[in-house]
Amino acid sequence: MASLSSNEWKAVCAKFTNAQHLTDVESRNDPENDLFRSKYKARDLLREIYCTLKNFEEGDGEEPDGGESSEPEPAEQPLDGDKEDAFSRGWSSDSRAGDRAAKLAAVDYYLGVNHVDTEELSAGQEHLMNCMKHLDKCRVSSENVSLFIHVRNQLGILWAGRDETEKAQGFLETAESIYQRYMKENGSPPTDMSEYFCSEENQLTHQERTKKFELAYTHTLYYLAQVYQYLGENERAANYCYSTLQRQLQLKQFNPMEWALNAATLSQYYITKGHYMEGRHCLAAATVVSGLAGEVPSEAAAQESEAESDRREQLRQKRSDIARCWIKYCLNLLRDAKKLLEDNIGELDTDRQDELRRARRREEEEEGRKQTLLFGSEDTFDSIASVEEKVSYLLPLDFTEARAIFLVGQNYVNQAKEYFQMDGYVTDHIEILQDHSALFQALAFFEEDVERRCKMHKRRVDMLEPICNDLNSQYYLLIRRQLMFELAETYNEMMDLKLTLANRQADSQSLDSHTIKKFNHLCSASAKYFQMFLDSLCSPEGKYPEHLEEEVLRPALVARFRVARLHGKLISSSPPVQLDNLNKSLENYKYVVQYCDAHPEAAAAAETELELSREMVGLLPLKINRLKARMAANN
């Protein structure tokens, strides 16, 4: 290769510097009608560099493409995944042939990235594979290992973008193994490929080389996390996502809001696995790091500047998204505790409660669980720990513990609603309200006082009922169905609680008219919303479907069963009204039985409801006949 001091080589270096400037700086200012102008100019310069390098070879008497060479050319190696030992085969980097191959590979790499950036993927792939072919003749060393990893990262992205996930996986896993072996066997700060074309005084420092190399490997882990998630290897994907986030913090190479959102998203994986310590840590880190993005610009500042307006919108939305992840954390913690503590009729099992308390004490005596994740730096460790202390990661075992978690969740509900308002974010706003309702529902399980439990469910009704009645069915049919069903079930829970109170009262005195009126109101309201749900399944002509789609099969059968049960519970002193209620009850029980008999595959969707419906279809006619006989005798 020509001497670095020659005028020709200085010209090459100048062209490369210009190409980099065009790509990294000038391209940001390209007009919309000529979006890739600077990158096309950079491409022309890179092509000139490639031609010059080939001419230098010929001037030096090197003919790697068929002529004689002072070193034997290595045998062709497999490219996809590159499973051969790249550390012991090929030209060494300090040989003329190895140096030449690395420089040609670097230019092909930059040309490949250039074509990918300008959306010419096939040409980009060709250049990147040519880069691989050049490198395949070289032995991995500190002079070229960075390029070995970068080109595989780019090919991983390229193939993943084409949904060729397994090909992407092969390149990225090879990049990972090259990094790990290099760090184990060498570990010195490697040369960056941009240094191939710059003068000695412009070479990077050891610290700069290390940062660039570690950042390239961080990208490898980031892309692998996405590949594993796509392949359904969720635990592996979560581990790689955590490693990526931690390395970004250590290298101080991250956008605070993007990092925070990724950490909050990772928390949802740990939450669904019941790993609340890890989920809480991710969310606490997300909260702290999002704060590094600064204060939200005021409305006045946003009106004066488009940039400030965009920044205000971004910060408010992303922090509200993080708040929603906190809501899910609190809600799932309460729900999982309920599953552990409830007996076979859905009430709190005090024996199980005592057993779990003893288990917790034993764990505390054994110094508890160890933290498996640890985000942060010296600047953020204390802040993250401070956020974590505000909410427990332990499953609540009584009302006091449950209420503390509920209040944290409710605080984040209020935060999220500030941005996701009904005007402009209908779906998001309603989802937040549904989560708020679910928080009350979960907390009510821990409340021993029946009246207070009723009031919690009344809060749910008060927040959901106006929304349900105001929503336009034409545009929000699915959401309305969800709300109808939840309201029906909420009124049903309130009715059951009132029934419990009524039974206690009946032990000492007869039910008063006010209690009966309240009970019937709750019964009728629940039946009304179940019926509204069923009516929403009808065609525009009002015809009920003969075949229920899978997504509404169970809800529809449960709604029919509940309507039947509710009509059977209505209290009335009027025999004609009693008869009408019993007939409606029988009609709905019959529907459940007849539909499942006509569609045997539906039986599995509502086994308990079907069994009880068959029983009631047998019993109710007898009750109806007795009532008719009594009415006839009285007449």
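Residues numbered from 1 in each chain as written. Predicted model: local features only at pLDDT ≥ 70, side-chain atom pairs only at ≥ 80, totals over all residues. Heavy atoms only, no water.

The name an unreviewed UniProt entry assigns to the protein is KIF-binding protein, from the organism Oryzias melastigma. The heading Sequence similarities (unreviewed entry) in the UniProt record of the protein holds the text "Belongs to the KIF-binding protein family." Taken directly from UniProt, the Subcellular location (unreviewed entry) text for the protein runs: "Cytoplasm, Cytoskeleton". (UniProt positions renumbered as here; feature names shortened; annotations may be inferred.)

A.B. asks: Would you mind going over the overall build of the protein with me for this structure?
C.D. replies: Looking only at helices and strands, one finds 22 helices and zero strands in the protein. Whereas a compact globule of 635 residues would reach a radius of gyration of roughly 26 Å, the protein reaches 34 Å, over 25% beyond that. Taken along its principal axes, the extent of the C-alpha atoms in the protein is 120 × 55 × 55 Å. Taking all 635 residues of the protein together, the buried fraction comes to 47%. Of all intrachain contacts in the protein linking residues separated by at least 6 positions in sequence, the fraction that spans at least 24 positions is 71%. (Helix = DSSP H or I, 4+ residues; strand = E, 2+ residues; numbered from the N terminus. Rg over C-alpha atoms; globule rule 2.2 N^0.38 Å. Buried < 20%, exposed > 50% of the residue type's maximum accessible area, 1.4 Å probe, protein only. Contact = heavy atoms within 4.5 Å.)

A.B. asks: Mind showing me how you'd approach unusual backbone geometry here?
C.D. replies: One can expect most non-glycine residues to show negative phi and most peptide bonds to be in trans. With a phi close to 70°, E119 is a non-glycine residue in the positive phi region. With respect to the helices, strands and loops of the structure, E119 is situated in the loop between α3 (96-117) and α4 (121-135). With a phi angle near 55°, K252 is a residue other than glycine that sits in the positive phi range. Relative to the assigned elements, K252 resides in the loop between α8 (234-251) and α9 (256-272). Judged by its relative accessible area of 57%, K252 falls in the exposed class.

A.B. asks: Would you mind showing me how to read the environment of Q169 here?
C.D. replies: Secondary-structure assignment places Q169 in helix α6 (residues 165-185). Not counting chain neighbours up to four residues away, the residues in contact with Q169 comprise L224, V227, Y228 and L231.

A.B. asks: Just checking my understanding: could you explain the domain arrangement of the protein for this structure?
C.D. replies: It is common to give the size of an interface as the accessible area that goes away when the parts come together. Taken as a whole, the protein is organised into domain 1 (6-56 + 82-196 + 203-269), domain 2 (270-295 + 308-343 + 376-419), domain 3 (449-540) and domain 4 (555-634). In this structure, domain 2 and domain 3 have C-alpha centres spaced 31 Å apart. (Domains from an automatic or database assignment.)

A.B. asks: Help me understand the side chain of E214, please; the structure alone is not making it clear to me.
C.D. replies: Turning to its location among the elements, E214 is positioned in helix α7 (residues 206-230). Residues within four places of E214 in sequence aside, it is in contact with Y179, M183, R247 and L251.

A.B. asks: Got a minute to help me understand the environment of S122 in this structure?
C.D. replies: Locating S122 in the fold gives a position in helix α4. S122 sits 36 residues away from L158 along the chain, and the two C-alpha atoms are 9.6 Å apart.

A.B. asks: Before we go on, may I ask you to explain the nonpolar core in this structure?
C.D. replies: In summary, soluble globular proteins display a tendency toward joint burial of nonpolar side chains. Counting residues in hydrophobic clusters, the biggest one holds 119 residues, and the most contacted among them are Y329 and F375. Excluding residues that lie within four positions of it along the chain, F375 makes contacts with Y242, L245, Q246, L249, W259, L266, H281, C282, A285, F381 and I384. Membership of the second largest hydrophobic core comes to 58 residues, among which are A42, Y109, V151 and Y217. (Core = buried A, V, L, I, M, F, W, Y, C linked by side-chain atoms within 4.5 Å.)

A.B. asks: Even after reading the chapter, I still don't get the confidence of the model for the protein, so can you show me in this structure?
C.D. replies: It should be kept in mind that the predicted coordinates are not to be read in detail where pLDDT is low. Predicted confidence across the protein gives a mean pLDDT of 90, with 93% of residues reaching 70 or more. pLDDT under 50 marks residues 1-5. Its contacts with residues more than four places away, or in other chains, come to 13 contacts. (pLDDT = per-residue confidence, 0-100.)

A.B. asks: Could you clarify how one ought to interpret the packing of α4 against helix α5 (residues 145-161) in this entry?
C.D. replies: The packing of two helices is summarised by the inter-axis angle and the distance between the axes. Here α4 crosses α5 at 150°, and the two axes come no closer than 10 Å. Classified by the angle between their axes, α4 and α5 sit roughly antiparallel to one another. When you trace α4 past α5, the crossing you get is left-handed. Along the contact surface, α4 presents L121, Q125, L128, M129, C131, M132 and L135, while α5 presents L147, F148, V151, R152, Q154, L155, L158 and W159. The residue inventory of the contact of α4 with α5, partitioned by class, reads twelve nonpolar, two polar and one charged. (Axes fitted to C-alpha atoms, helices over the stretch in contact; angles between N-to-C directions. Parallel < 35°, antiparallel > 145°, perpendicular 65-115°, else oblique. Left-handed = near helix turned anticlockwise from the far one by under 90°. Nonpolar A, V, L, I, M, F, W, Y, C, P; charged D, E, K, R; others polar.)

A.B. asks: How should I be thinking about the packing of aromatic side chains in this particular structure?
C.D. replies: Two descriptors summarise a pair of aromatic rings, namely the distance from one centre to the other and the angle between the planes of the rings. This model, assessed by the stated rule, comprises 29 aromatic pairs. Centre to centre, the rings of Y419 and Y425 are 5.0 Å apart; their planes meet at 40°, and the pair counts as tilted. Relative to F530, the ring of F485 has its centre 5.4 Å away and its plane inclined at 85°; by these criteria the two rings are edge-to-face. One end of the pair, F485, is in helix α18 (residues 473-506); the other, F530, is in helix α19 (residues 513-535), with 45 residues separating them in the sequence. Aromatic ring contacts, followed pair by pair, group W9, F16, Y109, Y110, Y196 and F197 into a single cluster. In this structure, R100 packs its charged tip against the face of W91, placed 5.8 Å from the ring centre. Stacked on the ring of F420, the Lys or Arg R324 has its end atom at 5.2 Å from the ring centre. (Phe/Tyr/Trp six-rings, centres within 6.5 Å; stacked < 30°, edge-to-face > 60°. Lys NZ or Arg CZ within 6 Å of the ring centre and 35° of its normal.)

A.B. asks: I keep staring at the packing of helix α10 (residues 276-291) against helix α12 (residues 306-341) and nothing clicks. Help me out?
C.D. replies: Between α10 and α12, the shortest axis-to-axis distance is 11 Å and the interhelical angle comes to 160°. On the basis of the axis angle, α10 is roughly antiparallel to α12. Note on packing geometry: the crossing formed by α10 with α12 is left-handed. Of α12, the residues touching α10 (which contributes Y276, G279, R280, L283, A284, A286, T287, S290 and G291) are R319, I322, C325, W326, Y329, N332, L333 and D336.

A.B. asks: Can you walk me through the pattern of salt bridges in this structure?
C.D. replies: As a working rule, side chains carrying opposite charge can pair if their charged atoms are close by. Per the counting criterion, the structure on display carries 31 salt bridges. As a salt-bridge pair, D496 and R565 come within 3.0 Å of each other at their nearest N and O atoms. Taken together, the positions of D496 in helix α18 and R565 in helix α20 (residues 550-569) put the pair 69 residues apart, joining distant regions of the chain. For D496, a relative accessible area of 27% corresponds to the partly exposed category. On the basis of relative accessibility, which here comes to 22%, the residue R565 falls in the partly exposed class. Two residues, R554 and E609, come together in a salt bridge whose shortest N-O distance is 3.4 Å. Residue R554 is found in helix α20, and its partner E609 is found in helix α22 (residues 607-634); the two are separated by 55 residues along the sequence. (Salt bridge = Lys/Arg side-chain N within 4 Å of Asp/Glu carboxyl O.)

A.B. asks: Just to check I follow, could you spell out the environment of R460 for this structure?
C.D. replies: Summarising the element assignment, R460 is placed in helix α17 (residues 450-470). Taking the C-alpha atoms as reference points, R460 and D349, separated by 111 residues in sequence, lie 25 Å from one another. For R460, the residues in contact, after removing those within four places along its chain, are S437, F440, Q441, E486, T490 and E493. Polar side-chain contacts of R460 include one of 3.4 Å to the side chain of E486. (Polar contact = N/O pair within 3.5 Å; in protein donor to acceptor, adjacent residues only side chain to side chain.)

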